[in-house]
Amino acid sequence: MQTRKLGNSGLNVPVVMLGGNVFGWTLDESASFRILDAALDKGLNFIDTADIYSYWDPGNSGGESETILGRWFTRTGKRDKVILATKLGKPMGEEKKGLSASYMKQAVEDSLRRLQTDFIDLYQAHMDDPETPLEETLEAFTRLVKEGKVRVIGASNYSGQRLKESLEISRKHQLENYQSIQPHYNLVERSAYEKEIAPVVQASGIGAIPYYSLASGFLSGKYRTLEDTQGKPRGQGAAKYITPEGLAVLQVLDEVAEEYNSNPARVSLAWLIAQPGITAPIASATTESQLQDLVEATKLILRPESIDKLTSVSERF
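Attention here is on the structure that accompanies the text.

## Describing the overall build of the chain
Then step 1. Looking only at helices and strands, one finds 12 helices and 10 strands in the chain.
Then step 2. On the principal axes, the C-alpha backbone points of the chain span a range of 50 × 45 × 35 Å.
Then step 3. Counting all 317 residues of the chain, 56% fall into the buried class.
Then step 4. When contacts within the chain are restricted to residue pairs at least 6 apart in sequence, those whose partners lie at least 24 apart make up 77%.
Then step 5. Carbon and sulfur atoms provide 47% of the accessible area of the chain, an area that totals close to 13500 Å².
Then step 6. With 36 positive and 42 negative side-chain charges, the chain shows a separation of 3 Å between the mean positions of the two kinds.

Quick look at the structure:
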């Protein structure tokens, strides 16, 4: 499988990242173990999770995904085979949120305990915290790296301006700097990333690892009417794209997929992989066939005319 460097971190990662948000949500523990086993067998060893996954699901309190990953590490002994990314900062209940130094000290210990590991390869700020100075957050991250609890750091859901400010503070004060950014970016969510964040990514050389790479499943082609989304865990997220503009994107995806004897999910991911500055789009999988789509997407090299065709039909997004 192709690999790319994650910024200047020294981490060499596959060009698709496996999303762990489904572990403990749409997949129970045994099904999660099966997907993790199969993913590693296929070379998908770059795994992203977060402390909040899946806080939103009734009966959950957060940490379910990390806990399942930790139990899988213990069962298989394969922690050293995985490039592990997790995140902190989104609200998980009273006093459990943000990027203050004191909370970060608590949050990393909680994640390490759930993950049953001594260190996190990529530890990410899940969202900006305007109530905490950027310098305080970066100093706290730097301490975690010096303590050996974290290898490198990243950010998620930062604006282009806040990301730029963070990188400048790191340089000025000789602090650890963000090696990656997780933006919301795909064929039907383009403008915010391309106008605001991509210039910072390309100027700084950090890696971009977009989430919602398949737009909650819409770009896989499985949701084409509002009826298709009914009763599906991610149906509500996909429903907003069922518009004339969104369906036009699906039509072109179908056409390009047919040219390559492929499918819309693989083509969507291949388009993302081909974009400047993208290290690895994040996509989750609940079946082995979906895992195979992730693998095949890394092998699918789109011709420039195919990329242009997809870029043109999705420009309004």
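## A closer look at empty space enclosed by the protein
Then step 1. Summed over the entire model, instances satisfying the criterion amount to one cavity of 30 Å³ or more.
Then step 2. In this model, the largest cavity occupies a volume close to 30 Å³.
Then step 3. Classifying every residue of the lining of the largest cavity by side-chain character gives three nonpolar, one polar and four charged.

## Here we look at the side chain of Ser170
Then step 1. Relative to the helices and strands, Ser170 is located in helix 5 (residues 160-173).
Then step 2. Taking the relative accessible area as the measure of exposure, Ser170 reaches 3% and is therefore buried.
Then step 3. Leaving out residues up to four positions away in the same chain, Ser170 has contacts with Leu138, Leu175, Glu176 and Asn177.

## Quick notes on unusual backbone geometry
Then step 1. In this chain, Tyr53 is followed by Ser54 through a cis amide linkage whose omega measures -5°.
Then step 2. Assignment of secondary structure puts Ser54 in the loop between strand 4 (46-48) and helix 2 (64-76).
Then step 3. Its identity is not glycine, yet Gln116 carries a phi of approximately 55°, on the positive side.
Then step 4. The residue Gln116 is located in the loop between helix 3 (101-115) and strand 6 (120-125) in this model.
Then step 5. Residues other than glycine seldom take positive phi values, yet Ser216 does so here, at roughly 55°.
Then step 6. Relative to the helices and strands, Ser216 resides in the loop between strand 9 (207-208) and helix 7 (226-229).
Then step 7. Given a relative accessible area of 12%, Ser216 falls into the buried group.

## Topic: helix 3
Then step 1. Spanning 15 residues, helix 3 covers 21 Å between terminal C-alpha atoms, matching the ideal 21 Å at 1.5 Å per step.
Then step 2. Taken together, the buried positions of helix 3 are occupied by Tyr103, Met104, Ala107, Val108, Asp110, Ser111, Leu112, Arg114 and Leu115.
Then step 3. Remark: Gln116 follows helix 3 within two positions and exhibits a positive phi of approximately 55°.

## Details of the pattern of salt bridges
Think of it this way: side chains of opposite charge can pair up when their charged atoms draw near.
Then step 1. As enumerated under the stated definition, the model contains 20 salt bridges in all.
Then step 2. Among the salt bridges present, the one from Glu109 reaches Lys149, with a minimum N-O distance of 2.5 Å. You can see Glu109 sitting in helix 3 and its partner Lys149 sitting in the loop between helix 4 (134-146) and strand 7 (150-156), a full 40 residues away along the chain.
Then step 3. Glu109 sits in the partly exposed class, given a relative accessible area of 36%.
Then step 4. Judged by its relative accessible area of 22%, Lys149 is partly exposed.
Then step 5. With a closest N to O distance of 3.5 Å, Arg113 and Asp110 form a salt bridge. Of this pair, Arg113 and Asp110 are both found in helix 3, three residues apart, which corresponds to roughly one turn of the helix.
Then step 6. Given the relative accessible area of 18%, Asp110 is considered buried.
Then step 7. One network of salt bridges, with partners in common, ties together Glu255, Glu259, Arg303, Glu305 and Lys309.

Rules used throughout
Residues numbered from 1 in each chain as written. Predicted model: local features only at pLDDT ≥ 70, side-chain atom pairs only at ≥ 80, totals over all residues. Heavy atoms only, no water. Helix = DSSP H or I, 4+ residues; strand = E, 2+ residues; numbered from the N terminus. Buried < 20%, exposed > 50% of the residue type's maximum accessible area, 1.4 Å probe, protein only. Contact = heavy atoms within 4.5 Å. Areas by Shrake-Rupley, 256 points an atom, 1.4 Å probe, with all protein chains shown as cover. Lys, Arg positive; Asp, Glu negative; His and termini not counted. Charge placed at Lys NZ, Arg CZ, Asp CG, Glu CD. 1 Å grid on protein atoms, 1.4 Å probe; cavity = no way out; pocket = protein on both sides within 12 Å on 5 of 7 lines; lining within 4 Å. Points joined across faces, edges and corners; volume = space filled by probe spheres on them. Nonpolar A, V, L, I, M, F, W, Y, C, P; charged D, E, K, R; others polar. Expected span 1.5 Å × (residues − 1). Salt bridge = Lys/Arg side-chain N within 4 Å of Asp/Glu carboxyl O.

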